[in-house]
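# Examining the three-dimensional arrangement
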Amino acid sequence: MSEYPNVGSGLRLMFTARIGVIACMVAALIPVIRIFAVIGALVFFVLDLVGLHRAGRDLPGCQNAFWLSIISLVIGLFKNTPGFLGTVLNFATDILSLVVVYFVISSVNEVLQEIGYGDIARTGSMVWKIQLTCFIVGTVLSILVWVSVLDILAILTAFGILILTCIEGILFLYYLYKSYMALE
């Protein structure tokens, strides 16, 4: 583990930041504290990037994920552009987010396998497969919703994808937690 002194603490920051973002999103539902919750979410988002950067000091995959996150952030500033360009930019940020998760999980999994934590690595692989499936099905659904006969089916399937995405998010948090515990 001395080969990777920054990975565990970086993953811990990412885990903490993601829990913080979730707490702020829930707090944002309360009108009186909404602005503080939004500011808190931004702080936790930056903390997530700091954790990714820290892990990237030891793992090239996490370093790639950090830079792709920065690119996604810049593109995200323009993804609400109306029309086709906005759609393309939104799709690009979705793809970048998917690739970021892939780089994090694959690079951390290599270390986990190396030090004998294959069970945690399998959890990471499962999280990646669920996220990839949700992305593919979500992309297909976004196309099907334009076909008038299939729009109801697409909406119902989207509800299932929403539930699966929530499960994937919880599993990813579990993966980050177990990974940082194993690597610190």
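Before going into details, it helps to say that this report is about the structure given with it.

About the cut-offs
Residues numbered from 1 in each chain as written. Predicted model: local features only at pLDDT ≥ 70, side-chain atom pairs only at ≥ 80, totals over all residues. Heavy atoms only, no water. Helix = DSSP H or I, 4+ residues; strand = E, 2+ residues; numbered from the N terminus. Buried < 20%, exposed > 50% of the residue type's maximum accessible area, 1.4 Å probe, protein only. Expected span 1.5 Å × (residues − 1). Contact = heavy atoms within 4.5 Å. Core = buried A, V, L, I, M, F, W, Y, C linked by side-chain atoms within 4.5 Å. 1 Å grid on protein atoms, 1.4 Å probe; cavity = no way out; pocket = protein on both sides within 12 Å on 5 of 7 lines; lining within 4 Å. Points joined across faces, edges and corners; volume = space filled by probe spheres on them. Nonpolar A, V, L, I, M, F, W, Y, C, P; charged D, E, K, R; others polar. Phe/Tyr/Trp six-rings, centres within 6.5 Å; stacked < 30°, edge-to-face > 60°.

## Things to note about the overall build of the protein chain
For the protein chain, the count of helices and strands is six helices and zero strands. Shown N-terminal to C-terminal, the secondary structure of the protein chain runs as helices and strands in the order α-α-α-α-α-α. If one aligns the C-alpha atoms of the protein chain with their principal axes, the spans along those axes are about 55 × 40 × 30 Å. Looking at the protein chain as a whole, 38% of its 184 residues are labelled buried.

## Regarding helix H3 (residues 60-76)
The end-to-end C-alpha distance of H3, which contains 17 residues, comes to 24 Å, matching closely the 24 Å that a straight helix rising 1.5 Å per residue would cover. For H3, the set of buried residues is Gly 61, Cys 62, Ala 65, Phe 66, Leu 68, Ser 69 and Ser 72. At its buried positions, H3 is contacted by helix H2 (34-56) and helix H4 (84-114).

## Some points on the environment of Lys 178
Structurally, the position occupied by Lys 178 is in helix H6 (residues 151-183). In the structure, Lys 178 is positioned 116 residues away from Cys 62 in sequence and 17 Å away in space, judged by C-alpha atoms.

## A few points about the nonpolar core
Counting 34 residues, the largest nonpolar core has Leu 11, Leu 52, Val 104, Val 108 and Leu 112 as the members making the most contacts within it. Counting residues per element, this core draws most heavily on H4, which supplies nine residues. When neighbours within four sequence positions are excluded, Val 104 is seen to be in contact with Met 14, Leu 52, Cys 62 and Ala 65. Counting five residues, the second-largest nonpolar core is a separate cluster that includes Ala 27, Ala 28, Ala 37 and Ala 41.

## Focus on the layout of surface pockets
Space inside the largest pocket adds up to approximately 1700 Å³. Thr 93, Asp 94, Ser 97, Leu 98 and Gln 131 are the residues nearest the centre of the largest pocket, which is lined by 41 residues in total. Of all elements in the fold, only helix H1 (7-27), H2, H3, H4, helix H5 (118-144) and H6 reach the threshold of two or more residues within the lining of the largest pocket. Of all the elements, H4 adds the most residues to the lining of the largest pocket, at ten residues. Of the residues contributing to the lining of the largest pocket, the split by class is 23 nonpolar, 13 polar and five charged.

## A short note on the packing of aromatic side chains
If you walk through the whole model with that rule in mind, you get eight aromatic pairs. Aromatic side chains Phe 15 and Tyr 180 sit 5.8 Å apart centroid to centroid with 50° between the ring planes, which places their arrangement in the tilted category. One end of the pair, Phe 15, is in helix H1; the other, Tyr 180, is in helix H6, with 165 residues separating them in the sequence. The buried category is assigned to Phe 15, whose relative accessible area is 18%. One aromatic cluster is present, built from ring pairs that chain together Phe 15, Tyr 177 and Tyr 180.

Any functional reading would require information that these geometric values do not contain.
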